[in-house]
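# Per-entry structural report
As a plain string of letters, each chain reads:
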Amino acid sequence: MTLLEGSVGVEDLVLLEPLEQESLIRNLQLRYEKKEIYTYIGNVLVSVNPYQPLPIYDLEFVAKYRDYSFYELKPHIYALASMAYQSLRDQDRDQCILITGESGAGKTEASKLVMSYVAAVCGKGEQVNSVKEQLLQSNPVLEAFGNAKTIRNNNSSRFGKYMDIEFDFKGSPLGGVITNYLLEKSRVVKQLEGERNFHIFYQLLMGADAELLKALKLERDPGGYAYLNPDTSRVDGMDDDANFKVLQSAMTVIGFSEEEIRQVLEVAALVLKLGNVELVNEFQANGVPASGIRDGRGVQEIGELVGLNSVELERALCSRTVETAREKVVTALTVTQAQYARDALAKNIYSRLFNWLVNRINESIKRGLATCAEGWSSDGSFPPLQVGTGEKRKVMGVLDIYGFEILEDNSFEQFVINYCNEKLQQVFIEMTLKEEQEEYKREGIPWVKVDYFDNGIICNLIEHNRQGILAMLDEECLRPGVVSDSTFLAKLNQLFSKHSHYESKVTQNAQHQYDHSMGLSCFRICHYAGKVTYNVNSFIDKNNDLLFRDLSQAMWKARHPLLRSLFPEGDPKQASLKRPPTAGAQFKSSVTTLMKNLYSKNPSYIRCIKPNEHQQRGHFSFELVSVQARYLGLLENVRVRRAGYAYRQAYGSFLERYRLLSRSTWPRWNGGDQEGVEKVLGELSMSSEELAFGKTKIFIKSPKTLFYLEEQRRLRLQQLATLIQKTYRGWRCRTHYQLMRKSQIVISSWFRGNMQKKRYGKMKASALLIQAFVRGWKARKNYRKYFRSGAALILSNFIYKSMVQRFLLGLKNDLPSPSILDKKWPSAPYKCFSTANHELQRLFHQWKCKKFRDQLSPKQVEVLREKLCASELFKGKKASYAQSVPTPFHGDYVGLQRNPKLQKLKGGAEGPILMAETVMKVNRGNGKTSSRIFLLTKGHVIITDTKNPQAKTAIPLSSLAGVSVTSFQDGLFSLHLSEISSVGAKGDFLLVSEHVIELLTKIYRATLDATQTRLPVTVTEEFAVKSKEGSLTVKVAQGPGGGGTGKLSCKKKGSRCLEVTVQ
Ligand SMILES: Nc1ncnc2c1ncn2[C@@H]1O[C@H](COP(=O)(O)OP(=O)(O)OP(=O)(O)O)[C@@H](O)[C@H]1O
Ligand SMILES: [Mg+2]
């Protein structure tokens, strides 16, 4: 239903309002300007040649039109082809597509589009594809031999073509049959200015390689051939060279053998060469004019090319044998006659070659058809092939035939062409009306009488068997006596003087009409498409279409198999004196066959229109199109279509389209389709005259009603669109909201879940903590009950051990220096370790000491022992002790080495002197001091006078009873002797030594060694010194200086007391 929607103008002229010639053309023009070249008249397609490639034929379009029905998409040739193909495949109806129009209107292109569409949508498969390919490839071959450049069309088909394509029950192509009509053979020998001969000649000259040209005895320059118009050997946009290659490959695809191709080209070359055979005047011996050939070389070459005796050919061209039942007479031809004969031969060879080609193609593409074995007609054309009848096959015919022609000078060709068109119009009207009538009958609607022009009368005027123009022409041709075109015209004038569709000067004169446009040798026929004036000149000749028997016999004698086969009547055995049928009769019979064929099929029409005379894109000539529209009877066509009811449609689809107009059918309708349609139209209060309800379709009288319905639909659609929009928007917002809500729920559920999980985790941790506490508490309780003491011990032991361990290991890693003088020791980390730490310190110290001791020499040991002894005796007791500690005990302070006297004093066996010092002896009596030498040996203490060493006192150590010493800084000491000793009589000694500590230590040690007894060493400030005079109390006190110098001053206090002051 796109034809009602957003269309440019109206897409179906049936809906045109107002319906007039002008509005019709304007509508076509409007559409053409918008590149809408197709328009419908019902199911008739009007196509205006765009003269430019349009992007509407690709596979996408094929698929679209395959999938939609006729009115669902824009008008298109594919829609028509699709409808025909579907009807053929699905309803088993044979189809024919009639394409008509002027030269250059696009018929051939349309037929190719139909074929390519059908090829694209019908079945697939290797075999099917090869059939398709053969069918499609027949076009380039037929176009090469049958098309030529004319003033009106660069690729004008100079023959009519009807092609039956056969399909099997599945709709796959099986093959086809091509029938050709009336090739314009006059073009072979002569072309109008600006036109060309058939394409093949130029393709051959341009495309053949040098070798082939040589073999064909041709030269490349088209200017060298008399039959080729020298002005126009090239056509813009046409590549003859490339097209020759296309032709060769197409012939190969169709199945021509190489030999066949070569022979075809040889025959074409023969035609070209024949044109160059120049004829000259000659005279026979008796002076009768005759003709001859100027240059024998051309004939010679022809002879060589096709295997022909050149003498015989020359004879055939220049003379004629007239044969009657009784005798044979040979007459010489004049130059004009000979030229006529030569041209007739060329035309005949070419047209027969063309027929042969069509037949050869048919042989390749037909499948299971009855072979055409009925022999050849005189001009070599074939009786039309019939589709085979064996298996049930379906047929689609495509007719691409010349349209109605009105030229300046209309001759026999235009006459037969227009006759054919008249017949086609008859088919069209009859079938359209029949179809209409049948539809009305089917639908149970009373038939309304339609006024239309019935062209039967014109057809009759031309084709009537006895009294038709063609019959008259034949009669004139066969009649003995003087026959000419004017006698023929006179006959027509006489016979049709009263005929309403026949005019001539004579009939006009009779009616006192004055018409300049009508010549004396003309007659006029009022065709359905307009009046056409025909000039009768050469009607007889063209109808006779005679070829002298000498020529056909000469051709038959050629050794060239193809040429020979083109002239079967040249065979003397077949020779008959019977005249071949005239061209007019042949044409009439083939048209009759065609009509019969068309009547048996379901027709579809494509009416092609040429928009301008200049083959120019985008230019639309109103006048030119008006003329064509009239010839094509487009207005008539629309009127017939609209006669009763302009528009009809099946209830189902009508309801589908308009049910939105009624509340009862929209949005849902459960009743029947017709009921629904009645409801819709009832609600719109349509006039009952406007409508008719058929059995399956609704009929609408005028387009106005349909447009009203459309307008209502448009308004309703707007409302519905708003409603849909509203609903959609609501739905969109709702779904959006729901989606958001859903998302929000998901998010919050995740969030809550997460929160609860965290809370739970915390609670769990807390519970575990509490649990642990409770358990701990319980455990502790139980522990207290059962394990407390032991566990504490173990634990504390463990802790203690670990602490100890840590402490000891720390100590180990951080031991102070091993020097004994270094007293550093780390403090204990815990109080409890302080004892151990002290002990460790002590041990470490002892260890250091031991280490130190171990390394000492025996002498050092001895010195230290002495020091130790001194320490035991005096440390903390005597003030001078501290000074003595760092001072080494030399023992010898008098220089014994240097004093041999003193050495002798010691008395031999007692070993070395342990101590030798100069001491001061305090006189007990007065307290004065005098120096003495004090020596100590192992057994004795020897005190000698410094000046007289002999005056000595030796005191055995065993006699010593003790020693007293002060606690001060001084060196005073007293040696107490035992009373029993001999020296004891002398009394105790009171001596002052500077090395009192060393001296007393050595005495102590020597005594110990000698007597094994410890000599009592008394530190006191008051001691008694015994002598025989009695005992003297020595009181020692410190002077005011604190006794720091150690110097003594002794003062006798009475007889029994000696006061010593330490300074
Ligand atoms: N549908 C189309 N799209 C594009 N160009 C087209 C179309 N139809 C026709 N033509 C152009 O118009 C030219 C003439 O078309 P075509 O040969 O089909 O005319 P015709 O009606 O067969 O003429 P004739 O009667 O002389 O054979 C084509 O060569 C092509 O250039
Ligand atoms: Mg054509």
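A brief look at the structure comes next. (Residues numbered from 1 in each chain as written. Chains lettered and ligands numbered in written order. Predicted model: local features only at pLDDT ≥ 70, side-chain atom pairs only at ≥ 80, totals over all residues. Heavy atoms only, no water.)

Time to look at the overall build of the protein. Of the regular secondary structure elements, the protein holds 31 helices and 31 strands. The globule rule puts the C-alpha radius of gyration for 1063 residues at 31 Å, and the 77 Å found for the protein is more than 25% above it. In terms of overall dimensions, the protein has C-alpha extents of about 230 × 90 × 55 Å along its principal axes. Each of the 1063 residues in the protein was classed as buried or not, and the buried ones make up 50%. Surface summary for the protein: the accessible area is close to 53200 Å², and the carbon and sulfur share equals 54%. Charge-centre separation for the protein: the mean point of 146 positive side chains lies 25 Å from the mean point of 112 negative side chains. (Helix = DSSP H or I, 4+ residues; strand = E, 2+ residues; numbered from the N terminus. Rg over C-alpha atoms; globule rule 2.2 N^0.38 Å. Buried < 20%, exposed > 50% of the residue type's maximum accessible area, 1.4 Å probe, protein only. Areas by Shrake-Rupley, 256 points an atom, 1.4 Å probe, with all protein chains shown as cover. Lys, Arg positive; Asp, Glu negative; His and termini not counted. Charge placed at Lys NZ, Arg CZ, Asp CG, Glu CD.)

To continue, consider the packing of helix α5 (residues 126-146) against helix α6 (residues 199-207). Geometrically, a packed helix pair is captured by the angle between its two axes and the distance between the axes. Here α5 crosses α6 at 100°, and the two axes come no closer than 5 Å. Here α5 is positioned roughly perpendicular relative to α6, judged by the angle of their axes. For the pair formed by α5 and α6, the contact residues are E143, A144 and F145 on the first element and H199, I200 and Q203 on the second. Tallied by class, residues from the contact of α5 with α6 come to three nonpolar, two polar and one charged. (Axes fitted to C-alpha atoms, helices over the stretch in contact; angles between N-to-C directions. Parallel < 35°, antiparallel > 145°, perpendicular 65-115°, else oblique. Contact = heavy atoms within 4.5 Å. Nonpolar A, V, L, I, M, F, W, Y, C, P; charged D, E, K, R; others polar.)

Glancing now at the packing of helix α9 (residues 258-275) against helix α10 (residues 296-306). Put simply, α9 and α10 touch, their axes get as near as 10 Å, and they point 170° apart. When the axes of α9 and α10 are compared, the pair comes out roughly antiparallel. Listed contacts from α10 to E266, A269, L270, K273 and L274 of α9 are E301, I302, L305 and V306. The residue inventory of the contact of α9 with α10, partitioned by class, reads six nonpolar, no polar and three charged.

Our focus in this paragraph is the sheet that holds strand β26 (residues 989-992). If you trace the eight strands from one edge of the open sheet to the other, you get β23-β22-β21-β20-β26-β25-β24-β27, paired in mixed fashion. Both outer strands of the open sheet, β23 (952-956) and β27 (1017-1019), are each paired with one neighbouring strand and no more. The average angle at which neighbouring strand axes cross in this sheet is 30°, direction not considered. (Pairing = 2+ DSSP bridges.)

Another aspect to go through is the packing of aromatic side chains. For the structure shown, the criterion picks out 32 aromatic pairs. Both rings, one in F415 and one in F539, keep their centres 5.8 Å apart while their planes meet at 50°; by these two values the pair is tilted. Of this pair, F415 sits in helix α13 (residues 412-443) while F539 is found in helix α18 (residues 539-544), placing the two residues 124 residues apart along the sequence. Like F539, F415 is buried. Judged by centre distance (5.9 Å) and plane angle (80°), the rings of F523 and F539 are edge-to-face. One end of the pair, F523, is in strand β14 (residues 522-527); the other, F539, is in helix α18, and 16 residues separate them in sequence. (Phe/Tyr/Trp six-rings, centres within 6.5 Å; stacked < 30°, edge-to-face > 60°.)

Close contacts around ligand 1 come from 17 residues, with S103, K107, T108, S156 and S157 the closest. Between ligand 1 and G106, the relevant distance is 2.9 Å, taken from an oxygen atom to a main-chain nitrogen or oxygen of the residue. Contacts to ligand 1 include S156, whose side-chain N or O atom sits 2.5 Å from an oxygen atom. Across the complex, the protein chains shield 85% of the 630 Å² of accessible surface that ligand 1 would expose by itself. Mapped onto the shell around ligand 1, the elements with two or more residues apiece are α4 (107-121) and β5 (156-157). At three residues, α4 tops the list of elements feeding residues into the shell around ligand 1. Looking at the shell around ligand 1 residue by residue, the classes come out as four nonpolar, 10 polar and three charged. (Near = heavy atom within 4 Å. Polar contact = N/O pair within 3.5 Å; in protein donor to acceptor, adjacent residues only side chain to side chain.)

Turning to the coordination of the magnesium ion (ligand 2), a few remarks are in order. Protein coordination of the magnesium ion (ligand 2) is provided by T108 (OG1) and S157 (OG), with donor distances spanning 1.9 to 2.0 Å. Linking T108 in helix α4 with S157 in strand β5, this pair joins segments that are 49 residues apart in sequence. For the residue pair T108 and S157, the accessibility class agrees, reading buried in each case. (Donors = N, O, S within 2.8 Å, 3.2 Å for Na, K, Ca; no water.)

To continue, consider the side chain of T232. Structurally, T232 is set in the loop between α7 (210-215) and α8 (240-254). Look past the residues within four positions of T232 in its chain and what remains in contact with it is K149, G194, E195, R196 and Y202.

Time to look at a nonpolar patch on the surface. Taken together, the side chains of L769, I770, F773, V774 and W777 make up a nonpolar region of the molecular surface, amounting to roughly 530 Å² of accessible area. Of note, F773 is situated in helix α26 (residues 703-813). The class of F773 is exposed, set by a relative accessible area of 56%. (Patch = residues over 30% accessible without salt bridge, like charges linked within 9 Å, V, L, I, M, F, W, Y side chains within 5 Å. Salt bridge = Lys/Arg side-chain N within 4 Å of Asp/Glu carboxyl O.)

This brings us to the sheet that holds strand β6 (residues 160-167). Overall, mixed pairing links the seven strands, which are arranged β1-β2-β16-β3-β12-β6-β7 in an open sheet. This sheet does not close on itself; its edge strands, each paired only once, are β1 (38-41) and β7 (173-181). With direction set aside, neighbouring strand axes in the sheet form an average angle of 20°. Against the sheet, helix α12 (residues 335-365) touches β6 and β7, its axis set at about 170° to β7.

Once that is clear, we can look at the environment of I302. Relative to the assigned elements, I302 resides in helix α10. Taking the relative accessible area as the measure of exposure, I302 reaches 0% and is therefore buried. Considered as a pair, I302 and T1011 are 709 residues apart in the sequence and their alpha carbons are 180 Å apart. Ignoring any residue separated from it by four or fewer positions in sequence, one finds I302 in contact with L270, K273, L274, V277, G307 and L313.

Burial of strand β2 (residues 44-48) is extensive: five of the five residues sit out of reach of the surface. Burial along β2 is two-sided: V44, V46 and V48 and L45 and S47, pointing in opposite directions, are all buried. With antiparallel pairing between neighbouring strands as the criterion, β1 and β2 make up a hairpin whose turn holds two residues, including G42 at a positive phi of roughly 60°. As paired strands, β2 and strand β16 (residues 602-609) are joined by five bridges and run parallel to one another. Across the sheet, L45 pairs through a bridge with I606, a residue of β16.

Another aspect to go through is the environment of K904. Here K904 shows up in helix α30 (residues 900-905). A relative accessible area of 69% means that K904 is categorised as exposed. Taking the C-alpha atoms as reference, K904 lies 9.7 Å from P949; in sequence the two are 45 residues apart.

Moving on to the pairing of strand β28 (residues 1022-1027). Residues F1023, V1025 and S1027 point to one face of β28 and are all buried, whereas E1022, A1024 and K1026, pointing to the other face, are not buried. Alignment of β28 against strand β29 (residues 1030-1038), held across six bridges, turns out to be antiparallel. By the bridge assignment for β29, E1022 is matched with K1035. The turn linking β28 back onto β29 is made up of two residues.

Across the junction of E17 and P18, the peptide omega takes the value -5°, indicating a cis bond. Note that P18 resides in the segment before α1 (21-33). Residue P667 is reached from W666 by a cis peptide bond, and omega for that bond is 5°. Looking at the secondary structure, you find P667 in the loop between α24 (651-658) and α25 (673-683). In this structure, Y51 takes a positive phi of about 50° despite not being glycine.

Let us look at the side chain of R152. You can see R152 is positioned in the loop between β4 (147-148) and β5. Here R152 is buried and forms no salt bridge, its nearest opposite-charge partner E405 lying at an N-O distance of 4.1 Å. The contacts of R152, once residues within four sequence positions are left out, are Y51, S103, G104, E405, L407, K610, E613 and Q615.

Now for the nonpolar core. Counting 191 residues, the largest nonpolar core has F145, F201, I349, F415, F523, L598 and I606 as the members making the most contacts within it. Discounting chain neighbours no more than four positions away, the residues touching L598 are C96, L98, Y162, L399, L424, V427 and M431. (Core = buried A, V, L, I, M, F, W, Y, C linked by side-chain atoms within 4.5 Å.)

Turning to the pattern of salt bridges, a few remarks are in order. Taken as a whole and assessed by the stated rule, the structure comprises 49 salt bridges. Among the salt bridges present, the one from R89 reaches D90, with a minimum N-O distance of 3.0 Å. Taking the relative accessible area as the measure of exposure, R89 reaches 30% and is therefore partly exposed. Ionic pairing is found between K542 and E413, a salt bridge with its closest N-O pair at 3.2 Å. Of this pair, K542 sits in helix α18 while E413 sits in helix α13; the two residues are 129 residues apart in sequence, bridging distant segments of the chain. On the accessibility criterion, K542 (28% relative accessible area) is partly exposed. By sharing partners, the salt bridges in this structure join R158, E184, R187 and E195 into a single network.

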